[in-house]
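Results of the structural survey
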Amino acid sequence: DMPIARAVAYAPWIWRGTDALRCGLPRFLFARELQYSDFVRYGLSRPVLFVVREGRYVRGDGRSFREWWKSPGEAGPMTLDDWSVHLSTLFPEIRLREGYVEFRSLDSAPLPVVLGAAAILKGLLCDPGGLSAVEALLPAPTAAAGMDALLAAARYGPRWKPEAMPAPREATMRLLEAAARGLSRLQEYEGWLTPLRQLADKNVCPADLWRKDESGIWGGPEDPDPVF
């Protein structure tokens, strides 16, 4: 089996080549005033992979959900269950699910890192001053630049050297500071950020804490609890 560290590094590349119409970073995510309706329009415009009728999977025919909705044919009227299933077949890096937002780039990270990522996102996104801090630190990316950055970060980790923005360690430390202020204003526990701070201090990512054998094959963590 492919160890977690390698799987996380390859995941963005694998998804990039899986299906351009349902994966990656959709352009609407980079809109200045992002609305829920943008995701709805995105979902409506994506091809239907399948619908379920009486326990039987009916294969899509290349038409979008909007087109099936207007003219479902033998499948019969489209339902909210069909819409829910359809959304589950879309795999953009950020997607809305029932009751939560899924950041798929965080898949398979160690639990302390996942909790830290949730904390930094809350500190930046739920506090009114958090987004201002992000905008002051990082230039507004385009969809193409965002995907290039995602792939480079997955490949090089903290050794990635972006051309038009701060180095990963500097950006991470400043974002952590802004997130800590946001969490404090929200009266939330700032300690969840500690694993991310420890990684940034060492200028490493979780994959750096896995060992390789003489042939370069990943062999598992050097220590069961190396940082956390």
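Structural notes, computed from the coordinates. Since the structure is predicted, the reported quantities are computational estimates derived from the model, not experimental observations.

**So, the nonpolar core**
- With 16 residues, the main nonpolar core has Ile120, Leu124, Leu175, Leu176, Ala179, Leu193 and Leu196 as its most contacted residues.
- Elements with a contribution of two residues or more to this core: helix 5 (111–125), helix 8 (168–185) and helix 9 (194–202).
- The element contributing the most residues to this core is helix 8, with seven residues.
- With residues near it in sequence (within four places) discarded, Leu124 still touches Gly130, Leu131, Val134, Leu175, Ala178 and Ala179.
- Within the second largest apolar cluster, 14 residues are counted, among which are Val48, Trp68, Ala75 and Leu90.

**What to know about the pattern of salt bridges**
- Going through the model one piece at a time under the given rule, you end up with 10 salt bridges.
- Glu102 serves as the salt-bridge partner of Arg97, at 3.6 Å between the closest nitrogen and oxygen.
- Where Asp127 meets Arg185, a salt bridge forms, and the shortest distance between an N and an O atom there is 2.7 Å. Within this pair, whereas Asp127 is found in the loop between helix 5 and helix 6 (130–137), its partner Arg185 is found in helix 8, the two being separated by 58 residues in sequence.
- Judged by relative accessible area, Asp127 falls into the buried class, the value being 5%.
- Bridged by salt links that share partners, the residues Arg95, Arg97 and Glu102 form one connected network.

**With respect to the environment of Arg104**
- Structurally, Arg104 is set in the loop between strand 6 (100–103) and helix 5.
- The class of Arg104 is buried, set by a relative accessible area of 13%.
- Considered as a pair, Arg104 and Ala11 are 93 residues apart in the sequence and their alpha carbons are 9.8 Å apart.
- Once residues within four sequence positions are removed from consideration, Arg104 is found in contact with Trp15, Phe91, Pro92, Glu93 and Arg95.

**Quick word on the pairing of strand 5 (residues 94–97)**
- In this structure, strand 5 lies alongside strand 6, joined through four bridges in antiparallel fashion. Among the inter-strand pairings, Leu96 is bridged to a residue of strand 6, identified as Val101.
- Between the end of strand 5 and the start of strand 6, which pair antiparallel, lie two residues, with Gly99 showing a positive phi angle near 95°.

What counts, and where the lines are drawn
Residues numbered from 1 in each chain as written. Predicted model: local features only at pLDDT ≥ 70, side-chain atom pairs only at ≥ 80, totals over all residues. Heavy atoms only, no water. Core = buried A, V, L, I, M, F, W, Y, C linked by side-chain atoms within 4.5 Å. Buried < 20%, exposed > 50% of the residue type's maximum accessible area, 1.4 Å probe, protein only. Helix = DSSP H or I, 4+ residues; strand = E, 2+ residues; numbered from the N terminus. Contact = heavy atoms within 4.5 Å. Salt bridge = Lys/Arg side-chain N within 4 Å of Asp/Glu carboxyl O. Pairing = 2+ DSSP bridges.

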